[in-house]
Amino acid sequence: MTLGRAASARYAAFLGTLAIGLATIPLWAPRFWIYIATQALIFAIFAMSLDLLLGYAGLPSLGHAAFFGVGAYACALLALRDVDGLFPLLLVGGVAAAIVAVPIGALSLRTTGIYFLMLTLAFGQMLWGLAVNWVSLTRGTDGLIGIPRPTLLGLDAFEISLYERGAFFILCLIVAIVTFALLQMLARSPFGKTLEGIRENERRMRALGFPTVRYRFAAFIAAAAVAGMAGALAAMSNGYATPDLLYWTVSGLALVAVVVGGARSLIGPVLGAFVVVFAQLGLSTYVERWELILGAIFIAFVLFVPGGLVGLVRRA
Amino acid sequence: MDVLNLAHGSFYMVGAYIAYSVVVATNSFWLAFLVAPVLLALLGAALEVVFFRRLYRHGHLAQVLLTFGFTLVFVDLIRSQFGPTTRSIAPPPGLGGAVELFGATFSAYSLFILGVAIGVGALLLLGWRFLRVGAVLRAGVEDKEMAGLLGINLPTVFTLTFAFGAGLAGLAGVVGAPEFAIYPGMDASVLILALVVVVVGGLGSIEGAIVGSALIGLGYVIGTSFFPQFAIGLIFAVMAAVLIVRPSGLLGRRS
């Protein structure tokens, strides 16, 4: 979205305030809420990757959680084999997801709309089935447990344990901010604009000479890689990787996050992710019927506020 | 109807739980058999009029999102009412035993399920092909404006069809209840299978749904016998293959 100077300044101020506000959380929040906020940030990264796919490329995927799960398992498998080091583990999560995304994307992108939706659902469920049944690799429904968090840097002087209160949260915040910045740049770049053009009218873009399938494929791989990275963070955060990370309902919840927050904005899915995760983990401590509330909120948004939270602001 | 309803599994689940409640209260399976589809049809009609109507023109994604929201709501309502534990009910007296057929033993209830399925399938097939209702529905989905111009009250037809579908799902829930476990997450498992069947058999085709369910059902059982590890994956591989090669399904109407 192109904003005027004043609106841009307000947007930047909002982002800055949000980032700083989040950064202070470890200082005042109880440990449980730091944990929830960490989960929310991880889910936010996942949701942003889905926004790239859905909001910008116009590809509704119900199988995106598969990449999240693949990233988690890849990180888990390496971490359990004593691979230490944050960057290698994150990288492996992203790369593993990207590799898996190549055949899936190649096959799924031959279709659009509802068929793409169902095909991605099918592939996502296939991978879930694989996670459940390939017991020798994934330990089935027991999952991979006891995943250690990596050490930050090799330098003894700066050694900060990721188990310290708030340390992992700050790490996730940094990754989230960097991801947001990179995706924002991508969205505003010629590639991003072309993608949006393809979403609006693929035939015309093809007539103009753009290799539309290649663009969508690139977006698909990129989104998968980011999702995989988020999955790696999840594995490190929780200390385990289980097949339910790949189940289609996780993809569904990510869709909820994107829609409630507002698609095609990147910051919307972040807000939406916080709504979803806080409803799931936070609300459930106070209210038993959190799923009902979240479902009702979601239904209300789909019917009356399709632009999401960001849409409300845009209207104002 | 060209509507993608992820909450259809929830209708099945509600049907099963209604069966459970009725059986616990009155000990009569047959009462549940009658009551559940009717209640579900009413529920379906109400949902269609209040919510779904608004989304027909917004496309499939909006429907997916809305109905996904409904699954969350339904699961929680069920869980709050019945708790998370798995329930079960016994088959009705008379259908509980085993039957000898062609030298092999079958559970009488399985044969009952088969009978109901054949009956419902035949009914739907005949209705779709030969009754006015089927023709009206086919016309309405093919070309909404034209059907309206011809005097067909499409909104009512859609409501009734949706209600009928919900009722059938409820019936399936009742029939399936003595055979399968009743628990708050059962909607997700049945929905996925139903989606696979519909995709493989063909969107918009009753014959396709019948063929698809036979194929998938057989395939799943055969798959579990030979490669138990990947039977689930096999089902989805079949679905993926069909979607790639023939997106409208084996007997689908459109691509």
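In this text, all values refer to a predicted model and were calculated from it rather than measured experimentally.

**Overview of the packing of aromatic side chains**
Under the counting rule described, the total for this entry stands at 28 aromatic pairs over all chains. Pairing Tyr247 of chain A with Trp248 of chain A gives two aromatic rings, centres 6.5 Å apart and planes at 45°, and the pair type is tilted. Considered together, Tyr247 of chain A and Trp248 of chain A belong to a single accessibility category, that of buried residues. Residues Phe29 of chain B and Phe33 of chain B carry aromatic rings whose centres are separated by 6.3 Å and whose planes lie at 35° to one another, so their mutual orientation is tilted. Within this pair, Phe29 of chain B and its partner Phe33 of chain B are both found in helix α2 (residues 29-50), separated by 4 residues, close to a single helical turn. Using a relative accessible area of 4% as the deciding quantity, one classes Phe29 of chain B as buried.

**Overview of the pattern of salt bridges**
All names here are of chain A. Taken as a whole and assessed by the stated rule, the structure comprises 8 salt bridges over all chains. Where Glu202 meets Arg206, a salt bridge forms, and the shortest distance between an N and an O atom there is 3.9 Å. On the criterion of helical spacing, the pair formed by Glu202 and Arg206 is a turn pair, its members being 4 residues apart in helix α10 (residues 202-207). Overlapping salt bridges, with partners in common, bring together Lys193, Glu196, Arg199, Glu200 and Arg264 in one network.

**Looking at helix α4 (residues 65-80) of chain A**
Residues three or four positions apart in an α-helix share a direction because the helix packs 3.6 residues into each turn. The terminal C-alpha atoms of α4 of chain A, which comprises 16 residues, lie 22 Å apart, in line with the 22 Å expected from a rise of 1.5 Å per residue. Among the 16 residues that make up α4 of chain A, 14 are buried, leaving the element largely enclosed by the rest of the structure.

**Brief notes about the environment of Leu253 of chain A**
Of note, Leu253 of chain A is situated in helix α12 (residues 248-261). For the pair Leu253 of chain A and Val276 of chain A, spaced 23 residues apart in the sequence, the C-alpha separation amounts to 7.3 Å.

**A look at the interface of chain B and chain A**
Taken together, the 42 residues of chain B in the interface contact 40 residues of chain A. For the interface between chain B and chain A, the tally reads 0 salt bridges. For the side of chain B that touches chain A, the secondary-structure elements that each account for two or more residues are α3 (60-82), α8 (186-201) and α10 (231-245) of chain B. The element best represented in the side of chain B that touches chain A is α3 of chain B, accounting for 16 residues. Looking at the side of chain B that touches chain A residue by residue, the class counts come to 30 nonpolar, 8 polar and 4 charged.

**A closer look at the packing of helix α5 (residues 132-142) of chain B against helix α7 (residues 154-176) of chain B**
Residues and elements named next belong to chain B. Their axes nearest at 10 Å, the elements α5 and α7 cross at an angle of 115°. Between α5 and α7, the interaxial angle falls into the category roughly perpendicular. When the axes of α5 and α7 are compared, the crossing they make is left-handed. Here α5 contributes Val136, Leu137, Gly140 and Val141 to the contact with α7, which in turn contributes Leu154, Val157, Phe158 and Thr161. Across the contact of α5 with α7, the residue classes tally to 6 nonpolar, 2 polar and no charged.

**Description of the environment of Thr151 of chain A**
All names here are of chain A. Looking at the secondary structure, you find Thr151 in the loop between β1 (144-145) and α8 (167-188). With relative accessibility at 35%, the residue Thr151 sits in the partly exposed group. Each C-alpha atom, one on Thr151 and one on Ala76, is 15 Å from the other, the two residues being 75 residues apart in sequence.

**Focus: the pairing of strand β1 (residues 98-101) of chain B**
All names here are of chain B. Bridge analysis of β1 against strand β2 (residues 104-107) gives 4 bridges, and the strand direction is antiparallel. When the bridges of β2 are listed, Leu101 appears paired with Ala104. Following β1, the chain reverses through 2 residues before pairing antiparallel with β2; Phe102 in that reversal takes a positive phi of roughly 50°.

**Some words on a nonpolar patch on the surface**
Together, Leu130, Trp134 and Leu137 of chain A together with Leu218, Ile222, Phe226, Phe227, Phe230, Leu234 and Val238 of chain B line one region of the surface with nonpolar side chains, adding up to about 920 Å² of accessible area. Broken down by secondary-structure element, the contributors of at least two residues to the nonpolar patch are α9 (206-226) and α10 of chain B. At 3 residues, α9 of chain B tops the list of elements feeding residues into the nonpolar patch.

Procedures and definitions
The numbering scheme is per chain: residues are counted from 1 as the chain's sequence reads. Following the order in which they are written, the chains are lettered starting with A and the ligands numbered starting with 1. Residues qualify for local features only when their pLDDT is at least 70, as the model is predicted, and side-chain atom pairs are given and counted only at 80 or more; totals for whole chains, interfaces and linings, by contrast, use all residues. Remark: hydrogens and water are excluded; side-chain values derive from all non-hydrogen atoms of the structure. Note on ring pairs: Phe, Tyr and Trp rings are taken, using the six-membered ring of Trp, and paired if centres are within 6.5 Å. Classes follow the plane angle, with under 30 degrees stacked, over 60 edge-to-face and the rest tilted. Between buried and exposed lies partly exposed: a residue is buried under 20% and exposed over 50% of the maximum accessible area for its type, with that area taken using a 1.4 Å probe on protein chains only. Counting from the N terminus, the helices are the DSSP runs of H or I reaching at least four residues and the strands are the DSSP runs of E reaching at least two. Any carboxyl oxygen of Asp or Glu that lies within 4 Å of a side-chain nitrogen of Lys or Arg is treated as forming a salt bridge with it. Here, expected helix span is obtained from the residue count minus one, scaled by 1.5 Å. Residue contacts are counted whenever heavy atoms from the two residues lie within 4.5 Å of one another. Gly falls in the polar group here, along with every residue not listed as nonpolar (Ala, Val, Leu, Ile, Met, Phe, Trp, Tyr, Cys, Pro) or charged (Asp, Glu, Lys, Arg). Interaxial angles span 0 to 180 degrees and are taken between N-to-C directions of axes, which are lines fitted to C-alpha atoms, for helices over the stretch in contact. Orientation labels follow simple angle bins: below 35 degrees gives roughly parallel, above 145 gives roughly antiparallel, 65 to 115 gives roughly perpendicular, and whatever is left gives oblique. Crossings are sorted by hand: turned counterclockwise from the far helix by less than a right angle, the near helix makes the crossing left-handed, and turned clockwise it makes it right-handed. Two strands qualify as a pair provided DSSP detects at least 2 bridges between them. A residue counts toward a patch only above 30% relative accessible area and without a salt bridge, and it is joined to like-charged neighbours within 9 Å or, for Val, Leu, Ile, Met, Phe, Trp and Tyr, to nonpolar neighbours within 5 Å. With residues, only the protein chains shown are counted as cover, and all accessible areas are computed by Shrake-Rupley using a 1.4 Å probe.

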